[in-house]
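A closer look at the structure
Letter by letter, the chains look like this.
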Amino acid sequence: LKKLILIRSYVGRNGCAALATLLQNPNSKLTVLDLSDSDIDGEGAADLATGLTGNSTLKDLDISINQDIAEAGWRAIFTTLQSPNCAL
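Rules of the game
- Residues numbered from 1 in each chain as written.
- Predicted model: local features only at pLDDT ≥ 70, side-chain atom pairs only at ≥ 80, totals over all residues.
- Heavy atoms only, no water.
- Helix = DSSP H or I, 4+ residues; strand = E, 2+ residues; numbered from the N terminus.
- Expected span 1.5 Å × (residues − 1).
- Contact = heavy atoms within 4.5 Å.
- Axes fitted to C-alpha atoms, helices over the stretch in contact; angles between N-to-C directions.
- Parallel < 35°, antiparallel > 145°, perpendicular 65-115°, else oblique.
- Left-handed = near helix turned anticlockwise from the far one by under 90°.
- Nonpolar A, V, L, I, M, F, W, Y, C, P; charged D, E, K, R; others polar.
- Patch = residues over 30% accessible without salt bridge, like charges linked within 9 Å, V, L, I, M, F, W, Y side chains within 5 Å.
- Areas by Shrake-Rupley, 256 points an atom, 1.4 Å probe, with all protein chains shown as cover.
- Salt bridge = Lys/Arg side-chain N within 4 Å of Asp/Glu carboxyl O.
- Buried < 20%, exposed > 50% of the residue type's maximum accessible area, 1.4 Å probe, protein only.
- Pairing = 2+ DSSP bridges.

**With respect to helix α1 (residues 12–24)**
Helical geometry note: an α-helix holds 3.6 residues per turn, so side chains three or four residues apart project in the same direction. Taking 1.5 Å as the rise per residue, α1 with 13 residues should run 18 Å; its terminal C-alpha atoms sit 18 Å apart, in good agreement. Close packing links the buried residues of α1 with β1 (3–5), β2 (32–34) and α2 (42–52).

Set out below in structure tokens:
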């Protein structure tokens, strides 16, 4: 699986936790993850940020139009994106 497009899907927190596990899997070949308009909140964003740490394959992540991501969730994402352990 190289592309996962879940636009306008109810991913929610449990889905974000599962996706974080997928992103941390060293066998994952996922390069594109589109979660736009997918009901992600701050906790889900933080889970995704955890999953991005150490991921070396993902090149395109879209989490736009998720209005419930609060400041703490965005901060987790941005902090991870600035980390040398994140290839995104």
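Having seen it, we continue.
**Focus: the packing of α2 against helix α3 (residues 71–82)**
Across the interface, α2 lies against α3 with an axial gap of 7 Å and an inter-helix angle of 10°. Compared by their axis directions, α2 and α3 come out roughly parallel. In this structure, α2 meets α3 at a crossing whose hand is left-handed. Together, Gly-42, Ala-45, Ala-46, Leu-48, Ala-49 and Leu-52 of α2 and Gly-73, Ala-76, Ile-77 and Thr-80 of α3 make up the contact between the two elements. For the contact of α2 with α3, the per-class residue count stands at 7 nonpolar, 3 polar and no charged.

**Regarding a nonpolar patch on the surface**
A grouping of Phe-78, Leu-81 and Leu-88 is seen on the molecular surface, where their side chains present a nonpolar patch of about 240 Å² in accessible area. Its place among the elements puts Leu-81 in helix α3. Judged by its relative accessible area of 34%, Leu-81 is partly exposed.

**Here we look at the environment of Tyr-10**
Within the fold, Tyr-10 resides in the loop between β1 and α1. The exposed category is assigned to Tyr-10, whose relative accessible area is 65%. Put simply, Tyr-10 and Gln-67 are 57 residues apart on the chain and 13 Å apart in space, counted from C-alpha to C-alpha. Here Tyr-10 is in contact with Ser-38 and Asp-39, once residues within four sequence places are set aside.

**Observations regarding the sheet that holds strand β3 (residues 60–62)**
Either a parallel or an antiparallel arrangement is found when strands of a sheet pair, and the pairing is made through backbone hydrogen bonds. Read from one edge to the other, the open sheet built from 3 strands follows the order β1-β2-β3, with strand pairing classed as parallel. Single-partner strands in this sheet number two, and they are β1 and β3. Adjacent strand axes in the sheet meet at a mean angle of 5° when their direction is disregarded. In the sheet, β2 pairs with β3 via 3 bridges, with the strands oriented parallel. Within β3, the position partnered with Val-32 by the bridge is Asp-60.

**A word on the packing of α1 against α2**
Look at α1 against α2: their axes get within 7 Å of each other, and the N-to-C directions meet at 5°. Relative to α2, the element α1 is oriented roughly parallel. Between α1 and α2, the contacting residues are Arg-13, Cys-16, Ala-17, Leu-19, Ala-20, Leu-23 and Gln-24 on the first element and Glu-43, Gly-44, Asp-47, Leu-48, Thr-50, Gly-51 and Leu-52 on the second.

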